[in-house]
Amino acid sequence: MASGSVPGFTLQTNGDDNPGQVSGSGGSCRRRSDSESETPSTAKSLARLCSRDKDERTTALEELSQKVLVCLGLDRPGSARLSKQTLLHLLRLSRSCPLEEVRVRATELLWTAQEEGVKVPRALASGPSCFIPAKEMLIEGPNQDILIESFLSLGRVDHLTTIMALHPSYLSCFLKTQHALFELDGPLPRDWRHYISVLAAARHHCSYMVQQHSAAFLEAGGEENWLGGLEHAPAKLRSLQTLNKLLAHRPWLITQQHIQELVCAGAEPRWSLAELIHAVILMANTHSLCSFVWGCGLNPEPDHVGGYTFHPPSPSHIPRSTHSPAHEDGRQELMDGAVEVEVLMKRMVELQEQEEECTQEEMVTRFERERSESIPTAVVRGAPPELVLCLVEEPEFRYEDFAPRGEQSPPIMRAQDYSWEDHGFSLVQRLLPDMGQFLDEEFQVVSNLTYHRMAMHEGVDTCTLRKALWNYIHCLYGIRYDDYDYGSVNVLLERSLKVFVKTVACHPEQTTAHIYHAFWRHFRHSEKVHANLIVMEARLQAALLYTLRAITYYMR
């Protein structure tokens, strides 16, 4: 997600790959280039590209073009120079700006720079997702109006926003929540908010979110050396690490003792309850977003590390699709996928018409069966990048099943004893006014989101399927609804879907293209994104419930 401010053009280098003027490694002591004097006015032109006044945008685009052409030194042959950051800004605008005139002009400026001998960056990915082909994104049609609104408000449209735009009603309330969390007045300073999110994203090795919030942290005035390791951050921020790892991997272990250690009178450094609830929501929000990023296979942004290169493509390089695994018999798979849809449709209808009532004992038995079911998800992945690893304390602390088979499990959280509606919402509203309302709207929108269709069928009531997904995720986190028949989960969620849901909800960094493509093989990609939204929000609510319960117990 983008931060609320528009980043300016900078002339700082980043290694030998920088095609622009070389400058020193320090901040104030680095040598200024001829083009660096253009930075303030160029940044102003960039900001004005986000004006809601079309004429002002047109003027700003012309000014930006002139400044870039001056930097290219067209009146002085052989003097072309553009900073790396300027080139990356142009690359981003050329790839993702929803305003066609801006996108086309940025592309033209990059071509002009290349013709003048400047090494120009190119994006390494063809679209926002490595799971969803770019052409499929165009077919399913992300809502252009909301993308334009996002660009005018935030100064960029990132891959996260583009994917979420497949569901504009959700994206609208999501952006309001993010704005409130990071931009509105609150107990925590803005740079701390983004640094806390950096630490949260690092738990899931999510370099996408780490880079997003690192950039926003620096824009908010944060100290760059904090990003080099936890030891450089203030002790107060470091004291969140135990809560951070529990929220990310085993929130059911959070107790009032963890809260007391941070907020009691003798705590050093001490957090106020308002500060702590803000930090908790920031961490849980970022952990759940990591699930969405991994679950949708988001590619790095074109101006982020890993998203671009200054090297031209090799003539012998033949692009290979990473969007779907190879299949020996694609026709047979399509047939199997169609049969799966018909079976699921039939089961949904049968459940909706079912009149049989189970005893409470049978309901509990079915819950325990789902909770203890063995769903293998472990995948061997490469080591996380250094920019992530240096921000993780106890990297070996990972997710473990709430109730491993044959072992004593922690007490179940019964929704009737502590729920968002009856307890969590009011506590958040009390400690962080209005935030409870923003979160509640997200939960409501994603729970009720439906287009009354499923795969190739229209006019379908998907309520039972959406509820099964939500309750299965809470089941994985040890939360039980006494009035829900968990037998429905086993009927509606086939094994490949359970593998995907558990992987994305519990250890998202292990998500692979194979896991994504193995479930709902005949469904639209937008429907799989919808499933990811349910996973993200259900996980967020589950983590918040355990922490809010601990805070409630502390306050008694």
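Predicted model, so just to flag it, every value in this text is computed and none were measured. (Residues numbered from 1 in each chain as written. Predicted model: local features only at pLDDT ≥ 70, side-chain atom pairs only at ≥ 80, totals over all residues. Heavy atoms only, no water.)

A.B. asks: A description of the confidence of the model for the chain should follow, citing residues and the corresponding values.
C.D. replies: Taken residue by residue, the chain gives an average pLDDT of 84. The fraction at 70 or more is 81%. Of the regions scoring below 50 in pLDDT, residues 2-38 engages in 80 contacts with residues more than four places distant in sequence or in other chains. Confidence drops under pLDDT 50 across residues 316-332; counting only partners more than four residues distant or on other chains, this segment forms 13 contacts. (pLDDT = per-residue confidence, 0-100. Contact = heavy atoms within 4.5 Å.)

A.B. asks: So, the packing of helix 13 (residues 256-263) against helix 24 (residues 525-555): which residues are in play, and what are the values?
C.D. replies: Between helix 13 and helix 24, the shortest axis-to-axis distance is 8 Å and the interhelical angle comes to 70°. One finds that helix 13 runs roughly perpendicular with respect to helix 24. Remark: the crossing between helix 13 and helix 24 carries right-handed chirality. Residues Gln256, Ile259, Gln260 and Val263 of helix 13 lie in contact with helix 24, whose contacting residues are Thr547, Ala550, Ile551, Tyr553 and Tyr554. Its residues assigned to classes, the contact of helix 13 with helix 24 shows six nonpolar, three polar and no charged. (Axes fitted to C-alpha atoms, helices over the stretch in contact; angles between N-to-C directions. Helix = DSSP H or I, 4+ residues; strand = E, 2+ residues; numbered from the N terminus. Parallel < 35°, antiparallel > 145°, perpendicular 65-115°, else oblique. Left-handed = near helix turned anticlockwise from the far one by under 90°. Nonpolar A, V, L, I, M, F, W, Y, C, P; charged D, E, K, R; others polar.)

A.B. asks: Any details on helix 22 (residues 495-506)? Residues and values, ideally.
C.D. replies: Helical periodicity: at 3.6 residues per turn, an α-helix aligns residues three or four positions apart in one direction. If you check helix 22, its first and last C-alpha atoms are 16 Å apart, about what 12 residues at 1.5 Å a residue would give, namely 16 Å. With 10 of 12 residues buried, helix 22 lies mostly within the body of the structure. Considered for burial, the residues of helix 22 that qualify are Leu497, Lys498, Val499, Phe500, Val501, Lys502, Thr503, Val504, Ala505 and Cys506. (Expected span 1.5 Å × (residues − 1). Buried < 20%, exposed > 50% of the residue type's maximum accessible area, 1.4 Å probe, protein only.)

A.B. asks: Give me the lowdown on the pattern of salt bridges, citing residues and values where you can.
C.D. replies: Taken as a whole and assessed by the stated rule, the structure comprises 20 salt bridges. Among the salt bridges present, the one from glutamate 149 reaches arginine 52, with a minimum N-O distance of 2.7 Å. Of this pair, glutamate 149 sits in helix 6 (residues 144-154) while arginine 52 sits in the loop between helix 1 (39-48) and helix 2 (54-72); the two residues are 97 residues apart in sequence, bridging distant segments of the chain. A relative accessible area of 36% means that glutamate 149 is categorised as partly exposed. The class for arginine 52 is exposed, based on a relative accessible area of 52%. As a salt-bridge pair, aspartate 482 and arginine 414 come within 2.1 Å of each other at their nearest N and O atoms. Note that aspartate 482 is positioned in the loop between strand 6 (479-480) and helix 21 (487-492) and arginine 414 in strand 3 (residues 413-414), a separation of 68 residues in sequence. (Salt bridge = Lys/Arg side-chain N within 4 Å of Asp/Glu carboxyl O.)

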